[in-house]
Amino acid sequence: MELGEIVVAERPGERQLYVEQKPRAQELLGRSGNRIHQVFEYLTGEMKEYGEWMKKKPLMVQLVDWILRGTSQVMFVNNPLSGLIILVGLSIQSPWCLLTGCTGTTVSTLTALALSQDRSAIAAGLHGYNGILAGLLMAVFSDKGDYFWWLLPPVAVISMACPILSSALGSIFSKWDLPVFTLPFNIAVTLYLAATGHYNPFFPTTLIKPVASVPNITWSAINVPLLLQSIPAGVGQVYGCENPWTGGIILVALLISSPLICLHAAIGSTVGMFAALSIASPFDSVYLGLHNYNCALACIAIGGMFYALTWQTHLLSLACALFCAYSGAALANALSVLGLPLCTWPFCFSALLFLLINSDNPAIYKIPLCKVTYPEANRIYYLRMKRRASESRREEQKRKEQKPSGDSKISTGGTPLCTPKTRHAY
């Protein structure tokens, strides 16, 4: 042994203990990672396992799940946890609006159940989201203020009309494989507000007047923090809430179910804000997010919900949001002459128009309505269909390259034993 050389003596028992402990630690880390992944999958998306478990529960317990899913379906989310978080956000805005909204979605869901509508659609909350919007917006546009208890009977009646309108419109739109969106809510609430009006003695509504003078806009006085707050406020305005904290909570609820829906909601709200500034809209309405909410819905619908998400459809969703912003400004001016609010008419008009687009580009792939779930799953479905189409084209090309083998004959003195049969390609 030379000077300066260090010898480390290793005991055989210590080496064996280290070799045994290393796989155990890796196994524990793997198990904990799998459990976290399972919990994450259980809470995100549509929570299918939870839905299957709820099918075995009593009807009243299932009704709670349907109401929560109907609450989140306003933002194209079929997740009861997201619906619960959204209800928490609505309670921050106004407990009275929360009450009227829950009344609306409960009545509309029970009406659909009484009309024997498709149980899977009821369980997904597709007959509840129009009801909650009707209850919320009737409370928002009521001139009597909060806790006007006589408003609950009209809320119940209008909410009962929503499943009827949904079923009727669905039978028409199914011919083009189109969703009804929030058209039942728009029709029912617009008719109610037109029938009552501001000077109704029983159910007076908020007075809406057209713009009669040039707004005083000073661009140097624009408030950038309030502009940034208008992005979550615009998302909250989908539910008639102007509080940016409510909009932020709704974005968190969307993030839990689908990050892509959350992203497109924020992008659509931002597009609506810039579009409103480009046509010199009053700053107060921009700060409240009144120009953003239709754009957020339109961006979600086109950006991965009813089209498979590609960079082409992402750009298409931005174009749809921009078109929705400008068409919304036009419709707002037209409806204000009649004293009516905008509701979500621009979103329905823009989204249906963009879903009717015909394109030979395979990247602009419209998801069949029966297969629509949420953007991440829609993307997986699109890639699966794309792979199957490429495989079928490859097999067809191979068949064309193969030579027909049915022309061979057995020679017996120049006369065939039998006439060869024509072979058809499978």
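Bear in mind that the values here come from a model prediction, so they are computed numbers and not experimental data. (Residues numbered from 1 in each chain as written. Predicted model: local features only at pLDDT ≥ 70, side-chain atom pairs only at ≥ 80, totals over all residues. Heavy atoms only, no water.)

1. Brief notes about the overall build of the protein
Scanning the protein from terminus to terminus reveals 17 helices and zero strands. Relative to its 426 residues, the protein shows a buried fraction of 43%. Pairs at least 24 apart in sequence give 71% of the contacts found in the protein among residues at least 6 apart. As displayed, the protein offers around 23,700 Å² of accessible surface, 64% of which is attributable to carbon and sulfur atoms. (Helix = DSSP H or I, 4+ residues; strand = E, 2+ residues; numbered from the N terminus. Buried < 20%, exposed > 50% of the residue type's maximum accessible area, 1.4 Å probe, protein only. Contact = heavy atoms within 4.5 Å. Areas by Shrake-Rupley, 256 points an atom, 1.4 Å probe, with all protein chains shown as cover.)

2. Considering the pattern of salt bridges
Scanning all chains against the criterion turns up four salt bridges. Between glutamate 396 and lysine 400 there is a salt bridge, with its nearest N and O atoms 3.9 Å apart. One end of the pair is glutamate 396 and the other is lysine 400, both in helix 17 (residues 375-401) and four residues apart, which spans about a single turn. With a relative accessible area of 41%, glutamate 396 lands in the partly exposed category. Assessed through its relative accessible area of 63%, lysine 400 is described here as exposed. (Salt bridge = Lys/Arg side-chain N within 4 Å of Asp/Glu carboxyl O.)

3. Describing the environment of cysteine 299
Position of cysteine 299 relative to the elements: it lies in helix 14 (residues 293-305). The class of cysteine 299 is buried, set by a relative accessible area of 0%. Spatially, the C-alpha atoms of cysteine 299 and serine 269 are 8.6 Å apart, while their sequence positions differ by 30 residues. With sequence-adjacent residues up to four places away left out, cysteine 299 is seen in contact with His264, Ile267, Gly268, Ser317 and Ala321.

4. Some details on unusual backbone geometry
Positioned with a positive phi, tyrosine 147 is a non-glycine residue whose angle comes to about 60°. Positionally, tyrosine 147 belongs in the loop between helix 7 (129-140) and helix 8 (152-173). Positive phi is not limited to glycine here, since aspartate 177 has a value of about 55°. Positionally, aspartate 177 belongs in the loop between helix 8 and helix 9 (183-196). Residue aspartate 177 is classed as partly exposed on the basis of its relative accessible area, which comes to 30%.

5. With respect to the packing of aromatic side chains
Overall, the coordinates contain 16 aromatic pairs when judged by the stated rule. Each ring, one from tryptophan 96 and one from tyrosine 147, has its centre 5.5 Å from the other, and the planes form 50°; the classification is tilted. With tryptophan 96 in helix 5 (residues 95-114) and tyrosine 147 in the loop between helix 7 and helix 8, this pair connects stretches of sequence that are 51 residues apart. According to the relative accessible area criterion, tryptophan 96 is buried, its value standing at 0%. (Phe/Tyr/Trp six-rings, centres within 6.5 Å; stacked < 30°, edge-to-face > 60°.)

6. Some remarks on the packing of helix 10 (residues 224-236) against helix 12 (residues 259-278)
Two numbers describe how helix 10 lies on helix 12: the axes approach to 9 Å, and their chain directions differ by 125°. As far as their axial angle goes, helix 12 and helix 10 are oblique. Relative to helix 12, the crossing made by helix 10 is right-handed. For the pair helix 10 and helix 12, contact is made by Leu227, Ser230, Ile231, Gly234 and Val235 and by Ala265, Ala266, Ser269, Thr270, Met273 and Leu277, respectively. (Axes fitted to C-alpha atoms, helices over the stretch in contact; angles between N-to-C directions. Parallel < 35°, antiparallel > 145°, perpendicular 65-115°, else oblique. Left-handed = near helix turned anticlockwise from the far one by under 90°.)

7. Description of the environment of serine 350
Within the secondary structure layout, serine 350 lies in helix 16 (residues 345-355). Under the relative-accessibility criterion, serine 350 is labelled buried at 0%. Each residue touching serine 350, except ones within four places of it in the same chain, is listed here: Cys320, Phe323, Cys324 and Ser327. Polar side-chain contacts of serine 350 include one of 2.8 Å to the backbone oxygen of proline 346. (Polar contact = N/O pair within 3.5 Å; in protein donor to acceptor, adjacent residues only side chain to side chain.)

8. Here's the deal with a nonpolar patch on the surface
A cluster of nonpolar side chains, Val39, Tyr42 and Leu43, forms an exposed patch at the surface whose accessible area comes to about 240 Å². Relative to the helices and strands, leucine 43 resides in helix 1 (residues 12-43). Judged by its relative accessible area of 33%, leucine 43 is partly exposed. (Patch = residues over 30% accessible without salt bridge, like charges linked within 9 Å, V, L, I, M, F, W, Y side chains within 5 Å.)

9. As for helix 15 (residues 311-337)
With 27 residues, helix 15 should cover 39 Å at 1.5 Å per step; its first-to-last C-alpha distance of 40 Å lies within 8% of that length. Two residues or fewer past helix 15, glycine 339 is found with a positive phi of approximately 75°. (Expected span 1.5 Å × (residues − 1).)

10. Points about the nonpolar core
Within the largest apolar cluster, 81 residues are counted, with the highest numbers of intra-cluster contacts made by Met75, Phe76, Phe181, Tyr239, Leu254 and Phe347. Tallying contributions element by element places helix 14 first for this core, with nine residues. Those residues in contact with methionine 75 that lie beyond four places of it in its chain are Val235, Val238, Tyr239, Leu254, Ile261, Ala265, Leu297 and Ile300. Formed by seven residues, the second largest nonpolar core is a distinct cluster that contains Leu227, Met273, Leu277 and Tyr287. (Core = buried A, V, L, I, M, F, W, Y, C linked by side-chain atoms within 4.5 Å.)

11. With respect to a positive patch on the surface
On the surface, Lys371, Arg384, Arg387 and Arg388 cluster together to form a positively charged patch. Along the polypeptide, arginine 388 turns up in helix 17. (Lys, Arg positive; Asp, Glu negative; His and termini not counted. Charge placed at Lys NZ, Arg CZ, Asp CG, Glu CD.)

12. Description of the packing of helix 3 (residues 59-72) against helix 4 (residues 80-93)
Closest axis-to-axis distance for the helix 3/helix 4 pair is 7 Å, and the angle between their directions is 75°. Considering the angle they form, helix 3 stands roughly perpendicular to helix 4. Contact residues: helix 3 offers Asp65, Leu68, Arg69, Thr71 and Ser72, while helix 4 offers Pro80, Ser82, Gly83, Leu84, Ile86 and Leu87. Of the residues assigned to the contact of helix 3 with helix 4, the class counts are five nonpolar, four polar and two charged. (Nonpolar A, V, L, I, M, F, W, Y, C, P; charged D, E, K, R; others polar.)

13. Considering the confidence of the model for the protein
Mean pLDDT over the protein stands at 87; residues scoring 70 or higher make up 86%. Looking across the protein, the model is least confident in helix 1, with a mean pLDDT of 60, and most confident in helix 16, with 97. Between residues 1-10, whose pLDDT stays under 50, and residues either more than four places distant or in other chains, the model counts two contacts. Overall, residues 406-426 carries pLDDT values under 50, and its contacts beyond four positions in sequence, including any with other chains, amount to eight contacts. (pLDDT = per-residue confidence, 0-100.)

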